[in-house]
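Fold and geometry: a report
Here's the letter readout for the chains.
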Amino acid sequence: MENKLRLDIVTPHGLVLSEDVDEVAATGTEGEFGVLPGHVPFITTLKVGMIILKKGSKTEYVFVSSGYAEVSPDKVVVLADSAERSEDIDVERAKAAIKRAEERLRQEEKIDFARATAALERATIRIQIAERRVAR
Ligand code: ATP
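Here the structure is a predicted model, which means the values were calculated and not measured.

**Re helix H2 (residues 113-132)**
In this model H2 runs 29 Å from its N-terminal to its C-terminal C-alpha over 20 residues, within 8% of the 28 Å that 1.5 Å per residue would give. Considered for burial, the residues of H2 that qualify are Ala116, Ala119, Ala123, Ile125, Arg126, Ile127, Ile129 and Ala130.

Right, dumping it as C-alpha coordinates:
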(Lines give C-alpha, C1' and ligand atoms only; values in the text may rest on other atoms or scores of the structure.)
Protein backbone atom coordinates (compact mmCIF):
# COMPACT_ATOMS: atom_id res chain seq x y z
CA MET A 1 0.00 0.00 0.00
CA GLU A 2 1.40 3.38 -0.98
CA ASN A 3 2.66 5.58 1.83
CA LYS A 4 2.02 2.87 4.38
CA LEU A 5 4.35 0.63 6.28
CA ARG A 6 3.61 -2.98 7.04
CA LEU A 7 4.49 -3.68 10.65
CA ASP A 8 4.92 -7.32 11.64
CA ILE A 9 5.70 -8.22 15.24
CA VAL A 10 6.62 -11.87 15.62
CA THR A 11 7.56 -13.87 18.71
CA PRO A 12 8.23 -17.58 19.30
CA HIS A 13 4.64 -17.65 20.66
CA GLY A 14 3.23 -16.44 17.33
CA LEU A 15 2.35 -13.40 15.24
CA VAL A 16 1.34 -10.58 17.61
CA LEU A 17 0.56 -7.96 15.01
CA SER A 18 0.57 -7.50 11.24
CA GLU A 19 -0.82 -4.17 10.17
CA ASP A 20 -0.44 -1.31 7.72
CA VAL A 21 0.58 1.78 9.68
CA ASP A 22 1.75 5.33 8.97
CA GLU A 23 4.65 5.49 11.41
CA VAL A 24 6.58 3.27 13.82
CA ALA A 25 8.80 4.33 16.72
CA ALA A 26 10.89 2.01 18.88
CA THR A 27 13.87 1.94 21.20
CA GLY A 28 16.94 0.34 19.72
CA THR A 29 20.05 -0.44 21.73
CA GLU A 30 21.65 2.55 19.94
CA GLY A 31 18.73 4.83 20.83
CA GLU A 32 15.19 5.66 19.84
CA PHE A 33 14.25 5.70 16.19
CA GLY A 34 11.25 6.54 14.08
CA VAL A 35 10.32 5.04 10.74
CA LEU A 36 8.17 6.53 8.01
CA PRO A 37 7.45 4.90 4.64
CA GLY A 38 10.53 5.07 2.40
CA HIS A 39 13.05 4.81 5.25
CA VAL A 40 16.51 3.55 4.35
CA PRO A 41 16.97 -0.11 5.28
CA PHE A 42 18.67 -0.97 8.56
CA ILE A 43 18.72 -3.61 11.25
CA THR A 44 18.98 -2.92 14.96
CA THR A 45 18.69 -4.80 18.21
CA LEU A 46 15.91 -3.60 20.49
CA LYS A 47 15.81 -2.76 24.16
CA VAL A 48 13.00 -4.02 26.35
CA GLY A 49 10.43 -1.31 25.82
CA MET A 50 7.65 0.06 23.74
CA ILE A 51 6.82 0.08 20.06
CA ILE A 52 4.60 3.00 19.16
CA LEU A 53 2.57 2.74 16.00
CA LYS A 54 0.51 5.47 14.40
CA LYS A 55 -2.44 4.90 12.13
CA GLY A 56 -4.16 8.12 11.11
CA SER A 57 -5.10 9.89 14.34
CA LYS A 58 -4.77 6.68 16.37
CA THR A 59 -1.69 5.73 18.39
CA GLU A 60 -1.12 2.22 19.75
CA TYR A 61 1.50 0.86 22.11
CA VAL A 62 3.04 -2.58 22.09
CA PHE A 63 5.38 -4.05 24.69
CA VAL A 64 8.43 -5.88 23.34
CA SER A 65 11.10 -7.66 25.26
CA SER A 66 14.53 -7.87 23.71
CA GLY A 67 14.76 -8.70 20.04
CA TYR A 68 15.55 -6.96 16.83
CA ALA A 69 13.95 -4.86 14.12
CA GLU A 70 14.55 -5.04 10.41
CA VAL A 71 13.53 -1.85 8.60
CA SER A 72 12.99 -1.60 4.85
CA PRO A 73 11.25 1.17 2.85
CA ASP A 74 7.81 -0.44 3.05
CA LYS A 75 8.13 -2.81 6.01
CA VAL A 76 9.24 -3.11 9.63
CA VAL A 77 9.68 -6.61 11.01
CA VAL A 78 10.17 -6.97 14.75
CA LEU A 79 11.34 -10.30 16.14
CA ALA A 80 11.11 -10.35 19.92
CA ASP A 81 11.18 -12.87 22.75
CA SER A 82 7.75 -11.68 23.81
CA ALA A 83 5.36 -8.91 22.80
CA GLU A 84 1.89 -7.79 23.79
CA ARG A 85 -0.41 -5.01 22.64
CA SER A 86 -1.12 -2.63 25.52
CA GLU A 87 -4.70 -3.85 25.83
CA ASP A 88 -3.55 -7.49 26.08
CA ILE A 89 -1.18 -6.87 29.00
CA ASP A 90 -2.30 -8.60 32.15
CA VAL A 91 -1.51 -6.00 34.81
CA GLU A 92 -2.11 -8.37 37.74
CA ARG A 93 0.33 -10.85 36.24
CA ALA A 94 2.93 -8.10 35.82
CA LYS A 95 2.38 -6.98 39.42
CA ALA A 96 2.90 -10.56 40.59
CA ALA A 97 6.12 -10.71 38.54
CA ILE A 98 7.33 -7.50 40.21
CA LYS A 99 6.58 -8.95 43.65
CA ARG A 100 8.46 -12.17 42.86
CA ALA A 101 11.45 -10.29 41.48
CA GLU A 102 11.57 -7.89 44.42
CA GLU A 103 11.38 -10.75 46.91
CA ARG A 104 14.27 -12.48 45.15
CA LEU A 105 16.32 -9.31 45.13
CA ARG A 106 15.77 -8.92 48.90
CA GLN A 107 17.07 -12.43 49.66
CA GLU A 108 20.47 -12.58 51.24
CA GLU A 109 21.64 -15.79 49.61
CA LYS A 110 23.08 -15.78 46.15
CA ILE A 111 20.50 -15.12 43.49
CA ASP A 112 20.63 -14.61 39.75
CA PHE A 113 20.67 -10.81 40.01
CA ALA A 114 20.61 -10.17 36.25
CA ARG A 115 17.63 -12.49 35.79
CA ALA A 116 15.66 -10.91 38.64
CA THR A 117 16.36 -7.34 37.51
CA ALA A 118 15.42 -8.23 33.91
CA ALA A 119 12.11 -9.73 35.12
CA LEU A 120 11.51 -6.60 37.20
CA GLU A 121 12.21 -4.38 34.20
CA ARG A 122 9.86 -6.33 31.90
CA ALA A 123 7.02 -6.21 34.41
CA THR A 124 7.51 -2.53 35.24
CA ILE A 125 7.50 -1.52 31.57
CA ARG A 126 4.46 -3.75 30.89
CA ILE A 127 2.51 -1.86 33.53
CA GLN A 128 3.58 1.52 32.15
CA ILE A 129 2.47 0.47 28.66
CA ALA A 130 -0.82 -1.03 29.89
CA GLU A 131 -1.64 2.30 31.50
CA ARG A 132 -1.35 4.02 28.12
CA ARG A 133 -3.70 1.61 26.33
CA VAL A 134 -4.82 3.13 23.05
CA ALA A 135 -4.80 6.89 22.56
CA ARG A 136 -7.25 8.15 19.98
P1 ATP B 1 6.00 -13.98 33.86
O2 ATP B 1 6.97 -14.20 34.98
O3 ATP B 1 4.69 -13.41 34.30
O4 ATP B 1 5.87 -15.19 32.93
P5 ATP B 1 7.93 -12.90 32.03
O6 ATP B 1 8.44 -11.51 31.86
O7 ATP B 1 8.92 -13.89 32.51
O8 ATP B 1 6.65 -12.81 32.97
P9 ATP B 1 8.00 -13.54 29.26
O10 ATP B 1 9.03 -14.62 29.30
O11 ATP B 1 8.42 -12.18 28.77
O12 ATP B 1 7.29 -13.41 30.68
O13 ATP B 1 6.76 -14.01 28.36
C14 ATP B 1 6.23 -15.33 28.35
C15 ATP B 1 4.87 -15.30 27.69
O16 ATP B 1 3.92 -14.72 28.57
C17 ATP B 1 4.82 -14.45 26.43
O18 ATP B 1 3.88 -15.02 25.53
C19 ATP B 1 4.32 -13.11 26.92
O20 ATP B 1 3.67 -12.38 25.89
C21 ATP B 1 3.36 -13.54 28.02
N22 ATP B 1 3.26 -12.56 29.12
C23 ATP B 1 4.15 -12.38 30.13
N24 ATP B 1 3.72 -11.46 31.00
C25 ATP B 1 2.53 -11.02 30.52
C26 ATP B 1 1.57 -10.04 30.97
N27 ATP B 1 1.75 -9.33 32.09
N28 ATP B 1 0.46 -9.87 30.23
C29 ATP B 1 0.25 -10.59 29.11
N30 ATP B 1 1.11 -11.51 28.63
C31 ATP B 1 2.23 -11.73 29.33
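**Some details on the site of the ligand**
For the ligand, the full set of nearby residues is His13, Ser82, Ala83, Glu84, Asp88, Ile89, Asp90, Arg93, Ala94, Arg100, Arg122 and Arg126. Within the side chain of Ser82, an N or O atom sits 2.8 Å from an oxygen atom of the ligand. Arg100 is positioned such that a nitrogen or oxygen atom in its side chain is 2.7 Å from an oxygen atom of the ligand. When isolated, the ligand has an accessible area of 590 Å², and the protein chains bury 71% of it. Listed by contribution, the elements that provide at least two residues to the shell around the ligand are strand S10 (83-85), helix H1 (91-106) and H2. Of all the elements, H1 adds the most residues to the shell around the ligand, at 3 residues.

**What about the packing of aromatic side chains?**
On inspection of all chains with the given rule, the structure shows 1 aromatic pair. Between Phe33 and Phe42, the ring centres sit 5.2 Å apart and the planes meet at 85°, which makes this aromatic pair edge-to-face. Note on Phe33: relative accessible area 14%, which makes it buried. A relative accessible area of 24% means that Phe42 is categorised as partly exposed.

**Concerning the nonpolar core**
Of all hydrophobic cores here, the largest spans 20 residues; its most connected members are Leu7, Ile9, Ile51 and Val78. Elements with a minimum of two residues in this core: strand S1 (5-11), strand S2 (14-21), strand S3 (23-28), strand S4 (31-35), strand S6 (49-55), strand S7 (58-64), strand S8 (67-72) and strand S9 (75-80). Setting aside anything within four residues of it in sequence, one finds Ile51 in contact with Leu7, Ile9, Val24, Ala25, Ala26, Leu46, Glu60, Tyr61, Val62, Val64 and Val78. Formed by 7 residues, the second largest nonpolar core is a distinct cluster that contains Met50, Phe63, Ile125 and Ile129.

**Side note on a positive patch on the surface**
On the surface, Arg93, Arg100, Arg104 and Arg115 cluster together into a positively charged patch. A total of 3 residues in the positive patch trace back to one element, the largest contributor, which is H1. Looking at the element boundaries, Arg100 is found in helix H1.

**What to know about the environment of Pro73**
On the secondary structure map, Pro73 appears in the loop between S8 and S9. Given a relative accessible area of 38%, Pro73 falls into the partly exposed group. Remark: the alpha-carbon pair of Pro73 and Pro41, spanning 32 residues in sequence, is separated by 6.3 Å. Not counting residues within four places of it along the chain, the set of residues in contact with Pro73 comprises Leu5, Leu36, Pro37, Gly38, His39 and Pro41.

Cut-offs used in this document
Residues numbered from 1 in each chain as written. Predicted model: local features only at pLDDT ≥ 70, side-chain atom pairs only at ≥ 80, totals over all residues. Heavy atoms only, no water. Helix = DSSP H or I, 4+ residues; strand = E, 2+ residues; numbered from the N terminus. Expected span 1.5 Å × (residues − 1). Buried < 20%, exposed > 50% of the residue type's maximum accessible area, 1.4 Å probe, protein only. Near = heavy atom within 4 Å. Polar contact = N/O pair within 3.5 Å; in protein donor to acceptor, adjacent residues only side chain to side chain. Areas by Shrake-Rupley, 256 points an atom, 1.4 Å probe, with all protein chains shown as cover. Phe/Tyr/Trp six-rings, centres within 6.5 Å; stacked < 30°, edge-to-face > 60°. Core = buried A, V, L, I, M, F, W, Y, C linked by side-chain atoms within 4.5 Å. Contact = heavy atoms within 4.5 Å. Patch = residues over 30% accessible without salt bridge, like charges linked within 9 Å, V, L, I, M, F, W, Y side chains within 5 Å. Salt bridge = Lys/Arg side-chain N within 4 Å of Asp/Glu carboxyl O. Lys, Arg positive; Asp, Glu negative; His and termini not counted. Charge placed at Lys NZ, Arg CZ, Asp CG, Glu CD.

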